[in-house]
Amino acid sequence: MTQQSERGAQSQPMTRPLEGVPLPELERVPDYERGFWEGTQAGELRIQRCSACGLFRHLPTPMCPECSSLDYEWTTVSGRGFVYSYVIVRHPVHQAIREKEQTPYNVCVIELEEQADLRICSNVLHMAPEDISIDMPVRATFVPASDDPGVVLPVFIPVAQS
Amino acid sequence: MTPNIIPADTNGIRDKAAIVGIGETEFSWDSGRSELQLASEAIKAACDDAGIAPQDIDGLIRYDMESNHETLLTQSLGIKNLRHWESVSYGGGAGNAVVGHAAAAIAAGYANYVVCFRAANLRSGVRLGRARGPELIPGGADSFAVPWGSMAPAHRFGMFVRRYMHDYGATSRHFGWVAVTLREHASRNPRALRRDPITIDDHQNSRMVVDPLHVLDFCQENDGAAAIVITTAERARELRHSGTLTLIEAAAQGSGPRNDGIIYRPDLAVAESEHTARDLWARARLDASDMDALMFYDHFTPFCLINLETYGFVPRGEAKDFVDGGGNIRFDGALPTNTHGGNHSEAYIHGLTHVQEAVRLIRGTSTAQPPHKTINRALSCSSVAQLSGAVIIRRG
């Protein structure tokens, strides 16, 4: 279901995360979210997991939505998954994206292999937007945000399909 | 499971309340006046339509995004004894829900005349389609989306649309027929902001903003206000529109799991408002075949298809065929849909104009009044991907 760009030509792939966009203020994020960012700083994708029933969850929350346990741990996952859905943003809505001419860019919802419907929002790098497709396998990699190297962003790159 | 706790025949508001007045300001790109001014003008117009004075109002229900709080309005409108007030959360999600709350307040006897309203400078003031919020995010859903560029409603809803297209085979061209039809309706409506007719090719050739959404898939961002006056069915018989009662037959709100941030919902191609639809039909003891018209919340055109399926007008996956060519959803078609032009072409007042249009259809005063059938019942339903509301308006 890939849509062609307006010009019918291939757009440039993203090679790094967006610059100049709002970032999390790590000193202020709640305790139940901090493990995610500590994981990316260590080059790992850590997802919150219920200590009682083992359910992974993202967005992070204080309580398990299934068994109501307040106990959780941060579990390093494989970083492998597939593109569940995506958009190609062609019109900038943020000043830094407009001024730095960062369109087009993609935003992808990645479903992680560890659990059905376990998804995170990210970008797919090194692939023209027109070539991104649903179900495409990807794996995580980690890039410090250019505006705050303390914030390390998980992004995804395509895995060659066998 | 929670849904089964509510008995199917629970409908404490059935026909207890009536919409007796509708009013609005002009819709514009720059109103040139305050949101309090807009609210006051729209509420006065709705009171004039009802045949009551603003001072008669004793209940106010606003959207929680609304800047006009109760004290501002009691001051401006001259309300002497406000007995009941509420704010309902979300933008589009509060659409229709405010009317359901008003009907409940009337049925409970909390107030005599309840006004629902929305007034905002959503174009000349803070635009919802622009990135907003702090440059440093203190956690929460935005902190897991904005750093990757998911910053605007179209980015989140576009994920829904893409997945829906993938799972059910709908294409941009199907969305285009919705745009063409809504614009045709707006071309007949002097209130509408966008009145120049468009073709399916205009839609397909329009600028791609957030692929898969063209610019002609988007609603307007505009200034303006709308208001609705609701009172008891008995009192409605004494007022200006006593010849055509427009009763609130049933209302529902609904949400599903994991809806913070939209994209984490269990099946992103299925509308969260399936919960709203299920409860609405159970309470009303009706189904889609009983509706003569559909007013759906068109923040983006694809949600016409998704609403048609969610509320059971067509089986899941078949809305693309139903909207193809536009004939079925035209004002003179099988299911007159957004005959005012909707958020897409009339104006974006967070769904309140859709309830107003349902009232006009029942009164017979729409500018795109269906020539081939009497509108006895209309469904007005709000956003499909977040907490949502719906009401059934019927001829009394």
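All chains use their own residue numbering, which begins from 1 and follows the written sequence. Starting at A for chains and at 1 for ligands, labels are handed out in the order in which the entities are written. Local features in a predicted model are, by the rule used here, given only for residues with pLDDT of at least 70; side-chain atom pairs are given and counted only at 80 or more, and totals for whole chains, interfaces and linings are based on all residues. With hydrogens and water set aside, each side-chain value is computed from the structure's full complement of heavy atoms.

Q: With reference to specific residues and values, describe the overall build of chain A.
A: The way it works is that DSSP assigns letters per residue, a run of H or I at least four long becomes a helix, a run of E at least two long becomes a strand, and they are numbered from the N terminus. Of the regular secondary structure elements, chain A holds two helices and nine strands. Looking at chain A as a whole, 52% of its 162 residues qualify as buried. When contacts within chain A are restricted to residue pairs at least 6 apart in sequence, long-range pairs at least 24 apart make up 58% of them. The charge count treats Lys and Arg as positive and Asp and Glu as negative. His and the chain ends do not count. To locate a charge, the coordinates of NZ of Lys, CZ of Arg, CG of Asp or CD of Glu are taken. Between the mean site of the 13 positive side-chain charges and the mean site of the 22 negative ones, chain A shows a separation of 3 Å. For every residue, the accessible area obtained with a 1.4 Å probe (protein chains only) is divided by the maximum for its type, and the residue is called buried under 20%, exposed over 50%, and partly exposed between those limits. It only takes one pair of heavy atoms within 4.5 Å for two residues to be counted as in contact.

Q: Describe the layout of surface pockets, listing the residues and the values that go with them.
A: Buriedness for pockets is judged along seven lines, at least five of which must meet protein on both sides within 12 Å for an open set on the 1 Å grid over protein atoms alone, while cavities are sets there where a 1.4 Å probe fits but cannot get out, and lining residues have an atom within 4 Å of a point. Grid points are joined across faces, edges and corners, and a volume is the space filled by probe spheres set on the points. Here the second largest pocket is characterised by a volume of approximately 470 Å³. Taken together, 23 residues line the second largest pocket, and the ones lying closest to its centre are Arg57, His58, Leu59 and Pro65 of chain A together with Arg258 of chain B.

Q: Just give me the short version of helix α2 (residues 70-77) of chain B, but keep the residues and values in it.
A: All names here are of chain B. Of the positions making up α2, those classed as buried are Glu70, Leu73 and Leu77. Down the axis, α2 shows its buried residues gathered within 70 degrees of arc, on one side only. Away from its buried face by more than 90 degrees, α2 exposes Thr71 and Gln75. Against α1 (35-50), β2 (59-63), β3 (84-88) and β4 (114-121) lie the buried residues of α2. Taking the helix axis as origin, the arc is that swept by the directions to the C-beta atoms.

Q: Which residues make up the state of the cysteines, and what are the values?
A: Covalent bonding between the sulfur atoms of two cysteines is what defines a disulfide. Residues and elements named next belong to chain A. Disulfides are defined in this document as cysteine sulfur pairs within 2.5 Å. The full count for this structure, using the stated rule, is zero disulfides over all chains. Among the cysteines around cysteine 50, which has no disulfide bond, cysteine 67 carries the closest sulfur, lying 3.5 Å off. Owing to a relative accessible area of 2%, cysteine 50 belongs among the buried residues under this scheme. Summary of cysteine pairing: cysteine 53 is not part of a disulfide, and the nearest cysteine sulfur, belonging to cysteine 64, is at 3.7 Å. By relative accessible area, which is 40% here, cysteine 53 ends up partly exposed.

Q: So what about the confidence of the model for chain B? Which residues, and what values?
A: On average, chain B scores 95 in pLDDT, and the residues at 70 or more come to 97%. Predicted as a complex, the structure gets a pTM of 0.95 and an ipTM equal to 0.95. For every residue, the pLDDT score states the predictor's confidence, bounded by 0 at the bottom and 100 at the top.

Q: Could you give an account of the interface of chain B and chain A, naming the residues involved and the relevant values?
A: Counting residues at the interface gives 46 residues for chain B, matched by 47 residues for chain A. Of the roughly 4,100 Å² buried between chain B and chain A on both sides combined, carbon and sulfur atoms contribute 62%. For salt bridges, the criterion is a side-chain nitrogen of Lys or Arg within 4 Å of an Asp or Glu carboxyl oxygen. Where chain B packs against chain A, one counts zero salt bridges. The definition of a polar contact used here is a pair of N or O atoms within 3.5 Å, where within protein one atom must be able to donate a hydrogen and the other to accept one, and adjacent residues in sequence count solely through side-chain atom pairs. At the junction of chain B and chain A, the tally comes to 19 residue pairs in polar contact (both at pLDDT 80 or more). Residues are grouped as follows: nonpolar covers Ala, Val, Leu, Ile, Met, Phe, Trp, Tyr, Cys and Pro; charged covers Asp, Glu, Lys and Arg; every other residue, Gly included, is treated as polar. Residue classes in the side of chain B that touches chain A are distributed as 25 nonpolar, eleven polar and ten charged. By this definition, two strands are paired if DSSP reports at least two bridges between them. Bridge analysis of strand β5 (residues 80-89) of chain A against strand β6 (residues 208-211) of chain B gives two bridges, and the strand direction is antiparallel. The residue of β6 of chain B that forms the bridge with valine 89 of chain A is valine 210 of chain B. Buried area counts how much accessible surface, traced with a 1.4 Å probe, disappears from two parts once they are put together, with both parts' losses summed.

Q: How would you summarise unusual backbone geometry if you had to cite specific residues and measurements?
A: Cis rather than trans, the peptide bond between histidine 58 of chain A and leucine 59 of chain A has omega equal to 5 degrees. Among the secondary structure elements, leucine 59 of chain A is positioned in the loop between β3 (56-57) and β4 (72-77). That bond from threonine 103 of chain A to proline 104 of chain A is cis: its omega, -5 degrees, falls within 30 degrees of zero. With respect to the helices and strands, proline 104 of chain A occurs in the loop between α2 (95-99) and β6 (105-112). One non-glycine residue, arginine 258 of chain B, lies in positive phi territory at about 55 degrees. Mapping arginine 258 of chain B onto the fold places it in the loop between β9 (246-254) and α8 (274-284). Residue classification places arginine 258 of chain B among the partly exposed residues on the basis of a relative accessible area of 39%.

Q: Describe the packing of helix α4 (residues 153-168) of chain B against helix α9 (residues 302-310) of chain B, with residues and values.
A: Residues and elements named next belong to chain B. Angles here are taken between N-to-C directions and fall from 0 to 180 degrees, while the axes themselves are lines fitted to C-alpha atoms, restricted in helices to the stretch in contact. Where α4 contacts α9, the two axes come as close as 10 Å, and the packing angle between them is 65 degrees. Crossing of α4 over α9 shows left-handed handedness. Listed contacts from α9 to Phe157, Phe160, Val161 and Tyr164 of α4 are Pro302, Phe303, Leu305, Ile306 and Glu309. Among the residues forming the contact of α4 with α9, the class breakdown is eight nonpolar, no polar and one charged. A crossing counts as left-handed when the near helix is turned anticlockwise from the far one by less than a right angle, and as right-handed when that turn is clockwise.

Q: Residue-level account of α8 of chain B, with values.
A: Residue and element names in this part refer to chain B. Of all the eleven residues making up α8, eight are buried; the element is thus mostly covered by neighbouring parts of the structure. Packed against the buried residues of α8 are β9, α9, β11 (377-381) and β12 (388-395). Just past α8, the residue arginine 285 takes up positive phi, approximately 55 degrees.

Q: Quick rundown of the sheet that holds strand β2 (residues 45-50) of chain A? Include the residues and the values.
A: Strand order in the open sheet formed by three strands is β3-β2-β4 (chain A), and the pairing between neighbours is antiparallel. With partners counted over all chains shown, the strands left at the sheet margins are β3 and β4 of chain A, one partner each.

Q: Break down the packing of helix α5 (residues 172-187) of chain B against α9 of chain B for me, citing the residues and quoting the values.
A: All names here are of chain B. Closest axis-to-axis distance for the α5/α9 pair is 7 Å, and the angle between their directions is 95 degrees. Here α5 is positioned roughly perpendicular relative to α9, judged by the angle of their axes. Within the contact between the two elements, α5 uses His174, Phe175 and Val178 and α9 uses Pro302, Cys304 and Leu305. A breakdown of the residues in the contact of α5 with α9 according to their chemical character gives five nonpolar, one polar and no charged. Convention used here: angles under 35 degrees read as roughly parallel, angles over 145 as roughly antiparallel, angles from 65 to 115 as roughly perpendicular, and any remaining angle as oblique.

Q: Can you lay out the nonpolar core for me, pointing to particular residues and giving the numbers?
A: Nonpolar side chains in soluble globular proteins tend to be buried together. Core analysis: the largest hydrophobic core is formed by 104 residues, its most contacted members being Val124 of chain A together with Trp281, Leu308 and Leu379 of chain B. Leave out the neighbours within four places in its chain, and valine 124 of chain A touches Met14, Val83, Asn106, Cys108, Ile110, Ile132, Met136, Val138, Phe156 and Pro158 of chain A. Counting 39 residues, the second-largest nonpolar core is a separate cluster that includes Val88, Leu193, Ile349 and Val355 of chain B. Buried residues of nine kinds, namely Ala, Val, Leu, Ile, Met, Phe, Trp, Tyr and Cys, make up a nonpolar core once their side-chain atoms join them within 4.5 Å.

Q: Quick one: what's the story with the environment of alanine 42 of chain A, residue by residue and with numbers?
A: Here alanine 42 of chain A lies in the loop between α1 (31-41) and β2. Residues alanine 42 of chain A and valine 83 of chain A, spaced 41 residues apart in sequence, show a C-alpha to C-alpha distance of 24 Å.

Q: So what about the packing of aromatic side chains? Which residues, and what values?
A: Pairing of aromatic rings covers Phe, Tyr and Trp, the last counted by its six-membered ring, and requires centre-to-centre distances within 6.5 Å; plane angles under 30 degrees mean stacked, over 60 mean edge-to-face, and any other angle means tilted. Inspection of every chain in the model, using the stated rule, returns 13 aromatic pairs over all chains. When the ring of phenylalanine 157 of chain B is compared with that of phenylalanine 303 of chain B, the centres are 5.7 Å apart and the planes differ by 80 degrees; the resulting orientation is edge-to-face. With a gap of 146 residues between them, phenylalanine 157 of chain B in helix α4 and phenylalanine 303 of chain B in helix α9 connect regions that are remote in the sequence. Judged by relative accessible area, phenylalanine 303 of chain B falls into the buried class, the value being 0%. Taken together, the ring pairs in this structure connect Phe157, Phe160, Phe218, Phe300 and Phe303 of chain B into an aromatic cluster. Distance and angle both matter: a charge sits over a ring if NZ of Lys or CZ of Arg is within 6 Å of the ring centre and within 35 degrees of the ring normal. For the cation-ring pair, arginine 119 of chain A lies above tyrosine 84 of chain A, with the distance from its terminal atom to the ring centre recorded as 3.8 Å.

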